[in-house]
Amino acid sequence: KEQIELAVGQPCRGVAYPYGTWNQAVVEAACRAGYEVGVTTDPGLSVTNDNPWRLHRDTVGHRGSWALFCIRVSGLLEPRHADSRGSYSLVTDGA
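Rules of the game
Residues numbered from 1 in each chain as written. Predicted model: local features only at pLDDT ≥ 70, side-chain atom pairs only at ≥ 80, totals over all residues. Heavy atoms only, no water. Helix = DSSP H or I, 4+ residues; strand = E, 2+ residues; numbered from the N terminus. Buried < 20%, exposed > 50% of the residue type's maximum accessible area, 1.4 Å probe, protein only. Contact = heavy atoms within 4.5 Å. Areas by Shrake-Rupley, 256 points an atom, 1.4 Å probe, with all protein chains shown as cover. Polar contact = N/O pair within 3.5 Å; in protein donor to acceptor, adjacent residues only side chain to side chain. Core = buried A, V, L, I, M, F, W, Y, C linked by side-chain atoms within 4.5 Å. Salt bridge = Lys/Arg side-chain N within 4 Å of Asp/Glu carboxyl O.

Participant: How do you make sense of the overall build of the protein when you look at a structure like this?
Facilitator: Of regular secondary structure, the protein possesses 3 helices and 4 strands. When its helices and strands are written in sequence order, the protein yields α-β-α-β-α-β-β. In the protein, which comprises 95 residues, the share counted as buried stands at 21%. Restricting to contacts in the protein with at least 6 residues of sequence separation, those with at least 24 account for 25%. Carbon and sulfur atoms provide 57% of the accessible area of the protein, an area that totals close to 6700 Å².

Shown next, in the form of C-alpha cells:
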C-alpha cells in the first residue's frame, strides 16, 4: 500500500484482491493495512450495508457487452441471487 501511494502520489484507499480470492484473514489484513474497501470477484452487485472489504464486482468484457453490463446494473436482473458462474435471474412481480 505504501509503495503504491509513493509511486502515484495519492492515497490508495481500496484493494482488489488478487484473482478475487479472499477469506477472513485477507479481509483483516486489508483492514490493518489501512484500506477502506476491498473488492472481490464474487458475482452480484454490492449494496449500501455490505461489508466494505467484501464488495462484489461485475465486469464488462469477456462476460458480455456494454449493453449487457447496463442491464445487469439496472435492477432488471436480480444480482443478489447470482450463481457461482455469475448468472442472474430476471426480476418478476410476485416471486
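Text resumes after the structure shown.
Participant: Which parts of the structure should I look at to understand helix α2 (residues 24-33)?
Facilitator: Residues lying three or four places apart along an α-helix face the same way, a consequence of the helix completing one turn every 3.6 residues. Of the residues flanking the start of α2, the one acting as N-cap is Asn 23, its side-chain oxygen 3.0 Å from the backbone nitrogen of Ala 25. Downstream of α2 by a residue or two, Gly 34 has a phi angle that is positive, lying close to 100°.

Participant: Would you explain the nonpolar core in this entry?
Facilitator: Counting residues in hydrophobic clusters, the biggest one holds 6 residues: Cys 12, Val 15, Tyr 17, Val 27, Ala 30 and Tyr 35. Setting aside chain neighbours within four positions, we find Tyr 17 in contact with Trp 22, Val 26, Val 27, Ala 30, Gly 38, Val 39, Thr 40, Trp 53 and Arg 57.

Participant: Where do I start with the environment of Thr 21 in this structure?
Facilitator: Mapped onto the fold, Thr 21 is located in the loop between β1 (14-16) and α2. Taking the C-alpha atoms as reference points, Thr 21 and Thr 41, 20 residues apart in sequence, are found 7.5 Å from one another.

Participant: What exactly am I supposed to notice about the pattern of salt bridges here?
Facilitator: Pairing is possible between side chains of opposite charge, provided their charged atoms come close. Enumeration over the complete set of coordinates arrives at 2 salt bridges. Its salt-bridge partner being Glu 5, residue Lys 1 comes within 2.7 Å of it at the nearest N-O pair. We classify Lys 1 as partly exposed; its relative accessible area is 28%. Taking relative accessible area as the criterion, Glu 5 reaches 22% and is therefore assigned partly exposed.

Participant: Explain the side chain of Thr 40 here, please?
Facilitator: By secondary structure assignment, the location of Thr 40 is in the loop between β2 (37-39) and α3 (66-74). For Thr 40, a relative accessible area of 0% puts it in the buried group. Separated by 3.0 Å, the side chain of Thr 40 and the backbone nitrogen of Asp 42 make a polar contact. Aside from chain neighbours lying at most four places away, what touches Thr 40 is Tyr 17, Gly 20, Trp 22, Arg 54, Leu 55, His 56 and Arg 57.

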